[in-house]
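# Inside the fold
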Amino acid sequence: MSKSILITGASTGIGAETASHLASGNHLLLHYNSSAQAARNVAADVEKRGGQATLLQADLSGEAGCRQLHAELARRTDRLDVLVNNAGGMIKRHGIRDYQWGLMEDIFALNTFSAMMMTALCVPLLEKGQDPGIITITSLAIRHGGPTATIYAAAKGALDAFTRGMARELAPKIRVNAVAPGVVATPFHDKVTSPAQIKAWTETTPLRKIGAPMHIASAVKFIMENDFMTGETIDINGGLFMR
Ligand SMILES: NC(=O)c1ccc[n+]([C@@H]2O[C@H](COP(=O)([O-])OP(=O)(O)OC[C@H]3O[C@@H](n4cnc5c(N)ncnc54)[C@H](OP(=O)(O)O)[C@@H]3O)[C@@H](O)[C@H]2O)c1
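First, a word on scope: everything that follows refers to the structure included in this document. The structure presented is a predicted model; accordingly, all values stated were derived computationally and were not measured.

## With respect to the site of the ligand
Taken together, 26 residues lie near the ligand, and Gly9, Gly13, Asn33, Gly88 and Phe188 sit nearest. At three residues, helix H1 (residues 13-22) tops the list of elements feeding residues into the shell around the ligand.

Rendered as structure tokens:
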């Protein structure tokens, strides 16, 4: 049976690749914010792979944008089977001396509040879905920390706690899981990570490489198809968390 799947931040990187992985036979509701042409390319790829694509634009860094996206979504589908909370970003690197209320608000709004709000808004549609699930993209920063990304790490850590709490609250009807990527080659790093930092990550990663979007997209597909899994986070980071 065809699934209705909303992916936030589906225009580039992990979200775009996840759309490709889940395209075949499904209705993909592809959210984007500023990358309209990239989103159109993802939609064309989804249709080439035998899926149906609907594009939805919204800025999710505020409540109004989340409500706008949900309203558009509800006009296009009467049920949702999967919500992928993927939109996010680091905004900028910072040390403790750079902390400002506005920066903290911006990072939490984009990464944490948007995913929490979209989850809350989408639950009624998910309750009408078939084996419905919520999959949130968090980060290795949750456990690894990061001296120049601590607000971002905390924002993703809040989503990790949110995932487990929601999994209990929404069971048994809706499964709630997360994927925590390591360093993955996407536009995410264009503004916040230098080539020297990428090289350093590569050298300290046991598998001696950084990830590709497909490494994360395939985990999202696995979770979607596994109906005995809830409240879990899958770490995919080339072995950085090996003990
Ligand atoms: N790449 C990594 O190493 C890495 C590691 C750990 C976790 N993650 C997480 O993985 C997720 C996907 O990131 P990515 O690596 O694929 O980066 P990306 O290619 O930069 O994708 C980010 C997506 O978020 C959307 N977005 C950004 N600001 C937005 C806003 N204000 N409102 C709505 N959407 C917005 C972008 O949409 P537009 O381009 O259309 O504006 C884009 O589709 C993020 O949550 C990120 O924190 C990434």
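Once you've had a look at it, read on.
## Here we look at unusual backbone geometry
Between alanine 171 and the following residue, proline 172, the backbone shows a cis peptide bond with an omega angle of 5°. Inspection of the secondary structure puts proline 172 in the loop between helix H6 (150-170) and strand S6 (175-181). Its identity is not glycine, yet aspartate 131 carries a phi of approximately 40°, on the positive side. Within the secondary structure layout, aspartate 131 lies in the loop between helix H4 (101-127) and strand S5 (133-137). What makes aspartate 131 partly exposed here is the crowd of 15 C-beta atoms within 10 Å. Despite not being glycine, arginine 208 shows a phi value in the positive range, around 55°. One can find arginine 208 in the loop between helix H7 (195-204) and helix H8 (213-225). With 10 C-beta atoms counted inside 10 Å, the residue arginine 208 sits in the exposed group.

## Description of H8
Counted at 1.5 Å a residue, the expected span for H8 with its 13 residues is 18 Å, and the 19 Å between its end C-alpha atoms agrees. Those residues of H8 lying buried are Pro213, His215, Ile216, Ala217, Ala219, Val220, Ile223 and Met224.

## Observations concerning the sheet that holds strand S2 (residues 27-32)
Judged by pairing direction, the sheet is parallel, and its seven strands sit side by side in the order S3-S2-S1-S4-S5-S6-S7 without closing on themselves. Unpaired on one side and paired on the other, strand S3 (52-57) and strand S7 (233-236) mark the two borders of the sheet. Between one strand and the next, the sheet's axes are offset by a mean angle of 15°, whatever the strand orientation. Pairing analysis gives five bridges linking S5 to S6, with the strands arranged parallel. Among the inter-strand pairings, isoleucine 135 is bridged to a residue of S6, identified as asparagine 177. The strands touched by H1 are strand S1 (4-7), S2, strand S4 (82-85), S5 and S6; relative to S1, the strand with the most contacts, the crossing angle is about 165°. Contacts from H6 reach S5, S6 and S7, with the element oriented near 160° to S6.

## Some remarks on the environment of methionine 224
Relative to the assigned elements, methionine 224 resides in helix H8. For methionine 224, a count of 23 C-beta atoms within 10 Å gives the class buried. Distance from methionine 224 to proline 206, taken between C-alpha atoms, is 28 Å for residues 18 residues apart in sequence. Ignoring any residue separated from it by four or fewer positions in sequence, one finds methionine 224 in contact with Val82, Gly133 and Ile135.

## Let's talk about the pairing of S6
The buried count for S6 comes to seven of seven residues, which makes it a mostly enclosed element. Burial along S6 is two-sided: the face carrying Arg175, Asn177, Val179 and Pro181 and the face carrying Val176, Ala178 and Ala180 are both buried.

## Some words on the nonpolar core
When a protein is soluble and globular, its nonpolar side chains tend to lie buried together. Residues Leu6, Ala19, Leu28, Leu30, Leu83, Ile135 and Val220 are the most contacted members of the largest nonpolar core, which totals 67 residues. Contact partners of leucine 30, with chain neighbours within four places excluded, come to Ile7, Ala10, Ala19, Ala39, Val42, Ala43, Ala53, Thr54, Leu55 and Leu56.

## Here's the deal with the environment of methionine 242
Within the secondary structure layout, methionine 242 lies in the segment after S7. Taking the C-alpha atoms as reference points, methionine 242 and proline 206, 36 residues apart in sequence, are found 8.7 Å from one another.

## Comments concerning the packing of H1 against helix H2 (residues 36-48)
The contact between H1 and H2 brings their axes to 8 Å, and the two run at 15°. As judged from the angle between their axes, H1 and H2 are roughly parallel. Seen along the crossing, H1 lies across H2 with a hand that is right-handed. For the pair H1 and H2, the contacting residues are Ala16, Ala19 and Ser20 in the first and Val42, Asp45 and Val46 in the second. When its residues are assigned to classes, the contact of H1 with H2 shows four nonpolar, one polar and one charged.

Parameters at a glance
Residues numbered from 1 in each chain as written. Predicted model: local features only at pLDDT ≥ 70, side-chain atom pairs only at ≥ 80, totals over all residues. Near = placed C-beta within 6 Å. Helix = DSSP H or I, 4+ residues; strand = E, 2+ residues; numbered from the N terminus. Buried ≥ 20, exposed ≤ 12 C-beta atoms within 10 Å, placed from the backbone. Expected span 1.5 Å × (residues − 1). Pairing = 2+ DSSP bridges. Axes fitted to C-alpha atoms, helices over the stretch in contact; angles between N-to-C directions. Contact = placed C-beta atoms within 7 Å. Core = buried A, V, L, I, M, F, W, Y, C linked by C-beta atoms within 7 Å. Parallel < 35°, antiparallel > 145°, perpendicular 65-115°, else oblique. Left-handed = near helix turned anticlockwise from the far one by under 90°. Nonpolar A, V, L, I, M, F, W, Y, C, P; charged D, E, K, R; others polar.

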